[in-house]
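The chain contents come next:
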Amino acid sequence: MMHTYEHIIKKTKDFVKSELKNAEGGHDWFHILRVYNNSLLISKDEQVDEFVVALGALLHDIADSKFYDGDETVGPQKARVFLFGMNVDSAVIEHVLNIIKHISFKGGNEAQKFKSAELDVIQDADRLDALGALGIARTFNYGGFKNRKIFDPSIKPSLKMTKEEYKASTAPTINHFYEKLLLLKDRMNTKTGKKIALSRHKFMEQFLDQFYAEWDGEK
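Residues numbered from 1 in each chain as written. Predicted model: local features only at pLDDT ≥ 70, side-chain atom pairs only at ≥ 80, totals over all residues. Heavy atoms only, no water.

Q: Help me get a handle on the overall build of the protein, residues and values and all.
A: For the protein, the helix and strand inventory stands at ten helices and zero strands. Seen in sequence order, the protein has helices and strands lined up from the N terminus as α-α-α-α-α-α-α-α-α-α. A compact globule built from 219 residues would reach a C-alpha radius of gyration of about 17 Å, and the protein, at 18 Å, matches this within 12%. On the principal axes, the C-alpha backbone points of the protein span a range of 65 × 35 × 30 Å. For the protein, buried positions account for 49% of its 219 residues. Expressed as a percentage of contacts within the protein between residues at least 6 apart in sequence, the contacts between residues at least 24 apart total 67%. (Helix = DSSP H or I, 4+ residues; strand = E, 2+ residues; numbered from the N terminus. Rg over C-alpha atoms; globule rule 2.2 N^0.38 Å. Buried < 20%, exposed > 50% of the residue type's maximum accessible area, 1.4 Å probe, protein only. Contact = heavy atoms within 4.5 Å.)

Q: Can you explain the pattern of salt bridges? Please cite residues and give values.
A: Under the definition given, this model contains seven salt bridges. Residues lysine 10 and aspartate 14 are paired through a salt bridge, measuring 3.0 Å at the closest nitrogen-oxygen approach. Pair noted here: lysine 10 and aspartate 14 are both in helix H1 (residues 5-19), with a separation of four residues, about one helical turn. Glutamate 19 serves as the salt-bridge partner of lysine 78, at 2.7 Å between the closest nitrogen and oxygen. Pair noted here: lysine 78 is in helix H4 (residues 74-85) and glutamate 19 is in helix H1, with a separation of 59 residues, a long-range link. Residue classification places lysine 78 among the partly exposed positions, given a relative accessible area of 25%. (Salt bridge = Lys/Arg side-chain N within 4 Å of Asp/Glu carboxyl O.)

Q: Any details on the environment of asparagine 147? Residues and values, ideally.
A: Structurally, asparagine 147 is set in the loop between helix H7 (132-145) and helix H8 (163-168). The exposed category is assigned to asparagine 147, whose relative accessible area is 70%. In this structure, the C-alpha to C-alpha distance between asparagine 147 and glycine 132, residues 15 residues apart in sequence, is 22 Å.

Q: Residue-level account of the environment of threonine 139, with values.
A: Note on placement: threonine 139 falls in helix H7. Threonine 139 gets classed as buried once you look at its relative accessible area, which sits at 9%. With 55 residues separating them along the chain, threonine 139 and lysine 194 place their C-alpha atoms 21 Å apart. Excluding anything up to four places from it in sequence, threonine 139 contacts Thr173, His176, Phe177 and Leu181. One polar contact links the side chain of threonine 139 to the main-chain carbonyl oxygen of glycine 135, over a distance of 2.7 Å. (Polar contact = N/O pair within 3.5 Å; in protein donor to acceptor, adjacent residues only side chain to side chain.)

Q: Residue-level account of the side chain of aspartate 126, with values.
A: If you trace the backbone, aspartate 126 turns up in helix H6 (residues 117-128). Once residues lying within four places of it in the same chain are set aside, the contact partners of aspartate 126 are His31, Val35, His60 and Ile103.

Q: Give a description of H6 that names residues and reports values.
A: The end-to-end C-alpha distance of H6, which contains twelve residues, comes to 17 Å, matching closely the 16 Å that a straight helix rising 1.5 Å per residue would cover. Among the twelve residues that make up H6, ten are buried, leaving the element largely enclosed by the rest of the structure. When H6 is considered as a whole, its buried residues turn out to be Glu118, Leu119, Val121, Ile122, Gln123, Asp124, Ala125, Asp126, Arg127 and Leu128. (Expected span 1.5 Å × (residues − 1).)

Q: Any chance you could break down the environment of leucine 134 for me, citing the residues and the numbers?
A: Inspection of the secondary structure assignment puts leucine 134 in helix H7. Residue class for leucine 134 comes out partly exposed when judged on its relative accessible area of 33%.

Q: Pulling in residues and values, what's your account of the packing of H1 against helix H3 (residues 50-59)?
A: Contact pair H1 / H3: the axes reach a minimum separation of 10 Å and the direction vectors enclose 10 degrees. Compared by their axis directions, H1 and H3 come out roughly parallel. Of H3, the residues touching H1 (which contributes Tyr5, Ile8, Ile9, Thr12, Lys13, Phe15 and Val16) are Glu50, Phe51, Ala54, Leu55, Leu58 and Leu59. Partitioned by chemical class, the residues of the contact of H1 with H3 number ten nonpolar, one polar and two charged. (Axes fitted to C-alpha atoms, helices over the stretch in contact; angles between N-to-C directions. Parallel < 35°, antiparallel > 145°, perpendicular 65-115°, else oblique. Nonpolar A, V, L, I, M, F, W, Y, C, P; charged D, E, K, R; others polar.)

Q: If you had to explain the packing of helix H5 (residues 90-102) against H6 to someone new, which residues and values would you point to?
A: The interhelical angle for the contact between H5 and H6, taken along N-to-C directions, is 45 degrees, at an axis separation of 10 Å. As judged from the angle between their axes, H5 and H6 are oblique. H6 is crossed by H5, and the crossing has right-handed handedness. Taking contact as the criterion, the partners of His95, Ile99 and His102 in H5 are, on H6, Glu118, Leu119, Ile122 and Gln123. Looking at the contact of H5 with H6, its residues break down into three nonpolar, three polar and one charged. (Left-handed = near helix turned anticlockwise from the far one by under 90°.)

And the structure:
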């Protein structure tokens, strides 16, 4: 049975909503929807396959390894079974699976082993959601979810972590700004992504200035 582009996208949205109905607040359906919408926005200025972008954005966090004891195979496998069931072309399926496998920030200097224009777009959209006011909200939400300290001046950020150390880190939430969030603006791939990231980056810097001033009782 052949499915139209619109039908497959609608079914994918329904599938993702169902799978993530009990997800942690920073990795829920609304996060997916923001990444999807930002991916479509960024795509307007890029030469990409919009079908691959749409599917990749919708399925990129279908089973984030953070919530599966670090298992990075669950997401791609869930996506493969779903897309195969929708009779999506095998080349499209493989491309989407590669996007899911390679989209996330690994910490340290982990090299990205797969590249495509579609991955560039979705990666930028995903990273934009880790910046600015939304990035701040998601970061503290996840820190609370993991019962981490907000800030401890005696625990310094580590910028030389391996992928494994980054994933295993239990550092205070403020450290995450230095170990990931403030690094993202220089890792954006697209012109649109870089432009939006810059303003969101500045907002986070202002937030940190205000945070430290209040912490020290200056404001």
